[in-house]
Amino acid sequence: PVQSLPEHLMFAILDFVRDAHAFVKCESVCRAFCGLLQSPAGIGRKLWEARPILYAQSFALSPQSDVGNGGGGGGLGVG
């Protein structure tokens, strides 16, 4: 029965199957990533926890400024 289908219909079916396969792969990766973000041991908590930034180094503020007194070496690296 498959051999009796027109060529354009076969290509349409193959395109549909290829797109469905790509969708399922994307969905599984998204679900795995969301699970990693939501799990207590995953990276999600670490991504959202507050970290001090040395603004004086990052934005080249004056040394007298009290903004850059906290901090762990993060920042944008400007300056």
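Before reading on, note that the structure itself is shown above.
Structural notes, computed from the coordinates. Sequence order as written defines the numbering, with residues in each chain counted from 1. Predicted model: local features are reported for residues with pLDDT of at least 70 only, side-chain atom pairs are reported and counted for 80 or more only, and whole-chain, interface and lining totals are derived from all residues. Where side-chain values are given, they derive from all heavy atoms of the structure, hydrogens and water being excluded.

Once that is clear, we can look at the overall build of the protein chain. For the protein chain, the helix and strand inventory stands at three helices and zero strands. Secondary structure of the protein chain in N-to-C order comes out as α-α-α. In this scheme, a residue with accessible area under 20% of its type's maximum is buried, one over 50% is exposed, and one in between is partly exposed, where area comes from a 1.4 Å probe on protein chains only. The burial tally for the protein chain puts 6% of its 79 residues in the buried class. At a minimum sequence separation of 6, the contacts of the protein chain that also span at least 24 residues come to 0%. Surface accessibility follows the Shrake-Rupley procedure with a 1.4 Å probe radius. Residue values consider only the protein chains on display as shielding. Accessible surface for the protein chain amounts to roughly 6,900 Å². Of this, 66% is attributable to carbon and sulfur atoms. Secondary structure elements follow DSSP: runs of H or I no shorter than four residues count as helices, runs of E no shorter than two count as strands, and numbering proceeds from the N terminus. We call two residues in contact when some of their heavy atoms are within 4.5 Å.

Residues enter a patch when their relative accessible area is above 30% and they make no salt bridge; the linking distance is 9 Å between like charges and 5 Å between nonpolar side chains (Val, Leu, Ile, Met, Phe, Trp, Tyr). Whenever a carboxyl oxygen of Asp or Glu lies within 4 Å of a side-chain nitrogen of Lys or Arg, that contact is scored as a salt bridge. Judged by side-chain polarity, Val2, Leu5, Leu9, Ile13, Phe16 and Val17 come together as a nonpolar surface patch covering roughly 520 Å² of accessible area. Tracing the chain through its elements places Val17 in helix H1 (residues 7–38).

Attention now goes to the pattern of salt bridges. Oppositely charged side chains can pair when the atoms bearing their charge come close. With the rule as written, the count across this model stands at three salt bridges. With its nearest N and O atoms 3.2 Å apart, the salt bridge here joins Asp15 to Arg18. Pair noted here: Asp15 and Arg18 are both in helix H1, with a separation of three residues, about one helical turn. On the basis of relative accessible area, Arg18 is assigned to the exposed category, the value being 51%. Taking the shortest distance from any N to any O, the salt bridge between Asp19 and Arg18 comes out at 3.4 Å.

Mapped onto the elements of the fold, Leu36 is located in helix H1. Among all residues touching Leu36, those that are not within four sequence positions of it are Gly42, Ile43 and Gly44.

Attention now goes to the state of the cysteines. Pairs of cysteine sulfur atoms within 2.5 Å are what we label disulfides. Throughout the structure, instances matching the rule amount to zero disulfides. The closest cysteine sulfur to the non-disulfide-bonded Cys30 is located on Cys26, 4.1 Å from its own sulfur. Judged by relative accessible area, Cys30 falls into the partly exposed class, the value being 39%. Here Cys34 stays unpaired: no disulfide links it, and the sulfur of Cys30, its closest cysteine neighbor, is 6.5 Å away. Accessibility expressed as a relative area gives 39% for Cys34, which makes it partly exposed.

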